[in-house]
Amino acid sequence: MTWDDERLKQLIKDLVLIESPSFDAEGVERVEQRVVDALDAVGAQCTFHPTPRGPILEVRRGQGGALLLGHADTVWPAGTLKTMPFIDSGGGLAGPGVLDMKAGLAYTAAAVSQLPADVPFDWLVTPDEEVGSEVSRSLIEDRAKMASLVLVAEPGAEAGALKIGRAGVGSFLLEIVGIASHAGLDPRQGASAIRELAQQILWLGSLENQVLGTTVNVGVVEGGTRPNVIAGHAKAQIDIRVRTVKEMERMQETLNHPPHFDTRTSIRYVGGFSRPPMDLRPEAAWWFDWAASVWHEMTGQVLAGVNVGGASDGNFTATLAPTLDGLGAVGQGAHALHERMEWDYTMPRIHLLQALITHAALKEERP
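Report on the accompanying structure. (Residues numbered from 1 in each chain as written. Predicted model: local features only at pLDDT ≥ 70, side-chain atom pairs only at ≥ 80, totals over all residues. Heavy atoms only, no water.)

With that out of the way, let us pick up the sheet that holds strand 5 (residues 92–94). Pairing within the open sheet is antiparallel, and its four strands lie in the order 4-5-18-17. In the strand order of this sheet, the two ends are held by strand 4 (87–88) and strand 17 (331–332), each with one partner. As paired elements, strand 5 and strand 18 (residues 340–342) share three bridges and run antiparallel to each other. Looking across to strand 18, one finds that Leu93 is bridged to Met341. Strands in contact with helix 3 (residues 98–113) are strand 5, strand 17 and strand 18; relative to strand 18, the strand with the most contacts, it is inclined by about 45°. (Pairing = 2+ DSSP bridges. Helix = DSSP H or I, 4+ residues; strand = E, 2+ residues; numbered from the N terminus. Contact = heavy atoms within 4.5 Å. Axes fitted to C-alpha atoms, helices over the stretch in contact; angles between N-to-C directions.)

It is worth spelling out the pairing of strand 2 (residues 56–61) at this point. For strand 2, a buried count of five out of six residues is recorded, marking the element as mostly surrounded by other parts of the structure. The pairing of strand 1 (residues 45–49) with strand 2 spans five bridges and is classified as antiparallel. Bridge pairing in strand 2 places Phe48 opposite Leu57. In sequence, strand 1 turns back onto strand 2 through a hairpin of six residues, with Gly54 there showing a positive phi of about 110°. Of the strand pairs in this sheet, strand 2 and strand 6 (residues 121–126) are connected by five bridges, and their pairing is antiparallel. Paired with Leu57 across the strands is Val125, a residue of strand 6. (Buried < 20%, exposed > 50% of the residue type's maximum accessible area, 1.4 Å probe, protein only.)

For the structure shown, the criterion picks out five aromatic pairs. Ring centres of Phe172 and Phe273 lie 5.8 Å apart, and the angle between their planes is 80°; on these two criteria the pair is classed as edge-to-face. Here the residue Phe172 occupies a position in strand 9 (residues 168–177), and Phe273 occupies one in strand 14 (residues 266–275), the gap between them amounting to 101 residues. Each member of the pair, Phe172 as well as Phe273, carries the same accessibility label: buried. These aromatic residues form a ring-pair network of at least three members: Trp286, Trp287 and Trp290. It is Lys9 that lies over the ring of Trp343; its NZ or CZ is 5.1 Å from the centre. Cation over ring: Arg349 sits above Trp295, and NZ or CZ is 5.2 Å from the ring centre. (Phe/Tyr/Trp six-rings, centres within 6.5 Å; stacked < 30°, edge-to-face > 60°. Lys NZ or Arg CZ within 6 Å of the ring centre and 35° of its normal.)

Turning our eyes to something else, we now look at unusual backbone geometry. Look at the link from Asp100 to Met101: it is a cis peptide, with omega at -5°. If you trace the backbone, Met101 turns up in helix 3. Phi is positive for Phe23, which is not a glycine, with a value near 80°. Within the secondary structure layout, Phe23 lies in the loop between helix 1 (5–17) and helix 2 (25–38). The exposure class assigned to Phe23 is exposed, which follows from its relative accessible area of 55%.

Orientation of helix 3 relative to helix 9 (residues 346–360), taken along the N-to-C sense of each, is 50°, at an axis distance of 9 Å. The angle between helix 3 and helix 9 falls in the class oblique. Relative to helix 9, helix 3 is oriented so that their crossing is right-handed. Residue-level inspection shows Tyr107, Thr108, Ala110, Ala111 and Val112 of helix 3 in contact with helix 9, the latter providing Thr346, Arg349, Ile350, Leu353, Gln354 and Ile357. (Parallel < 35°, antiparallel > 145°, perpendicular 65-115°, else oblique. Left-handed = near helix turned anticlockwise from the far one by under 90°.)

Of the two faces of strand 13 (residues 233–242), the one lined by Ala234, Ala236, Ile238, Ile240 and Val242 is fully buried and the one lined by His233, Lys235, Gln237, Asp239 and Arg241 carries no buried residue. Here 10 bridges tie strand 9 to strand 13, and the two strands are oriented antiparallel to one another. Across the sheet, the residue bridging to Gly168 is Val242, located in strand 13. Two elements, strand 11 (residues 215–223) and strand 13, share eight bridges in a ladder whose sense is antiparallel. Along strand 13, the bridge assignment pairs Thr215 with Arg241.

See below:
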């Protein structure tokens, strides 16, 4: 069966219309089953590995070759389609999860379905990428160790650029216990957890390094009970992004030994880095150059490589096998209300995936 525009658009539409927020195991499974139903891959074995957050779909043929990565979950809650419907504007498609990354699932399905029958590959579609891949990481890393190349069909960057570097991601919870007291009658008897929290937030800001790409964001704060009570408790949720392993180690060690502004309070930072930083290692650079030559031959365009602050499952695999990321759809607004993919990149993207999968199966030596 031919993979033309009409078939691809229908598959992408079907996937978008199945709402599959993280932690919705049923929605995730329905997305994965629709992918299986769409496949024409001769000789491929489909396995559903159960997890508490929905199954991990594995589509495998032969041994070795490329490992393909995708995810079925999205950041959008159930019911989003009511206010953010799927739209086909001719030049592109819009809707929740269309760019990140249901189009990427359709691209991969089309690519593997049109491979020669003797080309091996392994494709994982996971249920929890958007929330850190806690249940998927072990299987991803296990399969990456056996792969000659890892291809991640996350959205591409501007003009189709691949994502050759990604930030490492740390998630921390700051917990502060103070001494509650009456703000009018006994103000000196209290030790404000909120005041300590404010000092800690300013200190966290001082840890950022724009040159090295280290960012700190205090995204959620909570504390106190009433305006006339000196707060006895406060907490904050913190997101940290780093570009190098050295910076990751520096930030972790720093939060293990934070300053204490009011010693009558107790403070504790809990958490760590769920994804290490991803960079372009020598073997991956060889693959990037090869992909760029294929892309230029197909489109006449230069294929750029960019570093981005967002993370993906490619962060896990980059140290285990050559990894190329951002091979999925090209568009704008991932995780935003204007999420949209551009259709012109569709066929070249699928052909690039096919070329990389096929070349990864060759037994030639590489750097």
